[in-house]
Amino acid sequence: MSSTSTIYDFSTLTGSIDAALHNWMSPGLVLTAELVLVGLIFLTFYALLGLFLVYLERKVCAVMQNRYGPNRVGPLGLLQTIADLIKLLMKELIPIRKADQFLFNLAPFIVIIASFMAIAATPFAKGLQAVDLNIGVFYVMAVSSLGVVGILLAGWSSNSKYSLIGAMRSGAQIVSYELSVGLSLLAIVVFSGTMQLSGIVESQADGWWIFKGHIPAFISFVIFLVASTAEINRGPFDLAEAESELTAGFHTEYSGIKFAFFFLAEYINMFIVAAIGATVFLGGWMPFHIGNWEAFNHVMDFIPSMVWFFLKTFFVVYLIMWFKWTFPRLRIDQLLTLEWKYLMPISLINIVVIAFIVLMGWHF
Amino acid sequence: MNVVMFYLLSAIILIFSLLSITTRKILRAAVYLLFVLVATSGFYFLLNYEFMAAVQLTLYAGGIVVLIIFSILLTSHISHKFKHPALLNLLMGAGVAVIGAGVALYIIFNEKFTANGQPELPVDMTAIGTQLLSTEKNGYVLPFELISVLLLAAIIAAIVIAKKGKQEEKES
């Protein structure tokens, strides 16, 4: 499409960095240097994002409950989470004598590595994506299913009944809701005919799938929101760490930086889920385009693609936070009923309907 | 770089397979098995066969290992440790392992592996999908349908076993 050519392509920037490195290094060294560079960028992004999301959560919660939220440390309370982080870092790491030390220490890393692997495939802007696999959506689903192992391990190795019950609940929840997430993403894969995330974004150049895909696309977006909120263990599906009954669920026995790992991974997972939702349903970094309105589309292209991506992602993040602070927590049987008796059948029927629409060529 | 990665992944697979059969704590064995399976999917990534790698991750690491861990969580306590196996069992197991390794190594070293000069084929998801549901030559629709019927039967059987009769429920 001609109108998309004005969007700044980040691959020219990364390409020139690559060429510059090749000028004064051997190819093997360049590869190592680039691996380290990308890793460092992601680590920094990860830490900053985690801090900001915690701040945002507290502010959104405060708005919902008609309060101010953090407002003392720094302007608008922006430095509050940094102060919290310093406190967390200085806390004592309490070793549990009767715990399985090796698994107990391993669990936070598994959780955090799973979310790291998922964020690698996220397209942040045009040409700005660490790995663009041709099975993008499937890859994200695959690596995010690893996180549950960490949660189960954390619960079992803590040797505490609260942790064990929390882990069991969370395991049952994640394993069942994964299906609905996968099926709702599959709906858009059927529409766009590709699993590659960059390909899915490109296919939305003349309108986002949520608009182009009629009502079925909207249904699968809603199912995606509900199921992915459950998959990241957030309220109203936060049975795994239901404060009032399980103290803190699977991370009851963790303290200091190890607890911070779980906490951080939870917020980053929320961001990843929102980013995938924004990419697949809301066009990712693709500006707001309407069919053939060349002039309008051209004006929209002046807003950088990265801004579009973060706007949409934080819109979805806001929706997920909104859920947490307005709905009451479900019981475990209600939770499983919702998935197996409602969401699963609806998304299966939805996919059949979408396949029919695509076969008849009724979508735009 | 590929060679380095190959040796790294092989080392992970070898070390953790050994650990998973020698450890005396059952959950640790499951976690070592997880490492082995994840490293195997690393091999598929190394071969640029991403579809297989993702299948390996979802099915084995995300599915089967999670099921194993789940059943361990339900049945075993943290303080439980396996006893050392009896000497006779140990010797017999070692014997079978040596014979198996011997046969495998004998075959591998006597086979001449010639690199096939054909260019690398890109793994096309559409091609995999159509091949899987194709009724023509080299199509896989029959095995595909057979497996789905088999899985359906297995699911129904599991539900029948797990389901309590109404009478029993009232009594208990």
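Every value quoted in this text rests on a predicted model; they were computed, and no experiment measured them.

Trainee: How do you make sense of the overall build of chain A when you look at a structure like this?
Mentor: Along the backbone of chain A there are 15 helices and zero strands. Taken over C-alpha atoms, the radius of gyration comes to 21 Å for chain A, in line with the 21 Å a tight globule of 364 residues would show. Here the C-alpha coordinates of chain A stretch approximately 65 × 60 × 45 Å along the principal axes. In chain A, buried positions account for 52% of the 364 residues. Look at the contacts in chain A between residues 6 or more apart in sequence, and 79% of them connect residues 24 or more apart. A total accessible area of about 16200 Å² is found for chain A, and carbon and sulfur atoms account for 73% of it. Each charge sign in chain A was given a centre, from 19 positive and 22 negative side chains, and these centres are 13 Å apart.

Trainee: How should the overall build of chain B be read in this particular structure?
Mentor: Looking only at helices and strands, chain B has seven helices and zero strands in total. Expected size for 172 residues packed as a compact globule is a radius of gyration near 16 Å; at 22 Å, chain B overshoots this value by more than 25%. Split into buried and exposed, the 172 residues of chain B put 22% on the buried side. Taking the contacts inside chain B whose residues are at least 6 apart along the sequence as the reference set, 49% of them involve residues at least 24 apart. As displayed, chain B offers around 13200 Å² of accessible surface, 71% of which is attributable to carbon and sulfur atoms. In chain B, 11 side chains carry a positive charge and 9 a negative one; their mean positions are 19 Å apart.

Trainee: Can you help me understand the interface of chain B and chain A in this one?
Mentor: Many authors give the size of an interface as the accessible area that is lost as the parts come together. Each partner contributes residues to the interface: chain B has 29 residues there, and chain A has 33 residues. For the pair chain B and chain A, the summed buried surface comes to about 2600 Å²; carbon and sulfur atoms form 82% of the total. Three residues stand out in chain B for area buried against chain A, namely Phe70, Leu73 and Ile78 of chain B, and they jointly supply 23% of the buried area on that side. Taken together, the links from chain B to chain A amount to zero salt bridges. Our enumeration of links across chain B and chain A arrives at zero residue pairs in polar contact (both at pLDDT 80 or more).

Trainee: Help me out: how do you make sense of empty space enclosed by the protein in this one?
Mentor: All names here are of chain A. Evaluated as defined, the whole model comprises one cavity of 30 Å³ or more. Considering only enclosed or pocket space, the largest cavity measures out at about 400 Å³ in volume. In terms of lining, the largest cavity is formed by 26 residues, of which the most central are Ser144, Glu231, Ile232, Asn269 and Val273. Every element with two or more residues in the lining of the largest cavity is listed here: α4 (101–119), α5 (136–144), α6 (147–157), α7 (161–192), α10 (214–231) and α12 (256–281). Looking at which element gives the most residues to the lining of the largest cavity, the answer is α12, with seven residues. When grouped by side-chain class, the residues that make up the lining of the largest cavity number 18 nonpolar, five polar and three charged.

Trainee: What should I look at first to understand the packing of α4 of chain A against helix α2 (residues 26–46) of chain B in this one?
Mentor: Between two packed helices, what matters for the description is the angle formed by their axes and the separation of those axes. As a packed pair, α4 of chain A and α2 of chain B sit with axes 11 Å apart at the nearest point and diverge in direction by 35°. Like other packed secondary-structure pairs, α4 of chain A and α2 of chain B cross with a definite hand, here left-handed. On the side of α4 of chain A, the interface is formed by Phe102, Leu103, Leu106 and Ile110 of chain A, while α2 of chain B contributes Leu27, Arg28, Val31, Tyr32, Leu34 and Phe35 of chain B. Considered class by class, the residues forming the contact of α4 of chain A with α2 of chain B number nine nonpolar, no polar and one charged.

Trainee: What exactly am I supposed to notice about the side chain of Gln173 of chain A here?
Mentor: By the secondary structure assignment, Gln173 of chain A is in helix α7. With near-sequence residues (within four places) excluded, Gln173 of chain A lies in contact with Ala230, Asn233, Phe237, Leu239 and Leu335 of chain A.

Trainee: Sorry if this is basic, but what is going on with the side chain of Ser228 of chain A here?
Mentor: Structurally, Ser228 of chain A can be placed in helix α10. Judged by relative accessible area, Ser228 of chain A falls into the buried class, the value being 1%.

The rules we used
Residues numbered from 1 in each chain as written. Chains lettered and ligands numbered in written order. Predicted model: local features only at pLDDT ≥ 70, side-chain atom pairs only at ≥ 80, totals over all residues. Heavy atoms only, no water. Helix = DSSP H or I, 4+ residues; strand = E, 2+ residues; numbered from the N terminus. Rg over C-alpha atoms; globule rule 2.2 N^0.38 Å. Buried < 20%, exposed > 50% of the residue type's maximum accessible area, 1.4 Å probe, protein only. Contact = heavy atoms within 4.5 Å. Areas by Shrake-Rupley, 256 points an atom, 1.4 Å probe, with all protein chains shown as cover. Lys, Arg positive; Asp, Glu negative; His and termini not counted. Charge placed at Lys NZ, Arg CZ, Asp CG, Glu CD. Buried area = accessible area lost by both parts, 1.4 Å probe. Salt bridge = Lys/Arg side-chain N within 4 Å of Asp/Glu carboxyl O. Polar contact = N/O pair within 3.5 Å; in protein donor to acceptor, adjacent residues only side chain to side chain. 1 Å grid on protein atoms, 1.4 Å probe; cavity = no way out; pocket = protein on both sides within 12 Å on 5 of 7 lines; lining within 4 Å. Points joined across faces, edges and corners; volume = space filled by probe spheres on them. Nonpolar A, V, L, I, M, F, W, Y, C, P; charged D, E, K, R; others polar. Axes fitted to C-alpha atoms, helices over the stretch in contact; angles between N-to-C directions. Left-handed = near helix turned anticlockwise from the far one by under 90°.

Structural measurements only, silent on function.
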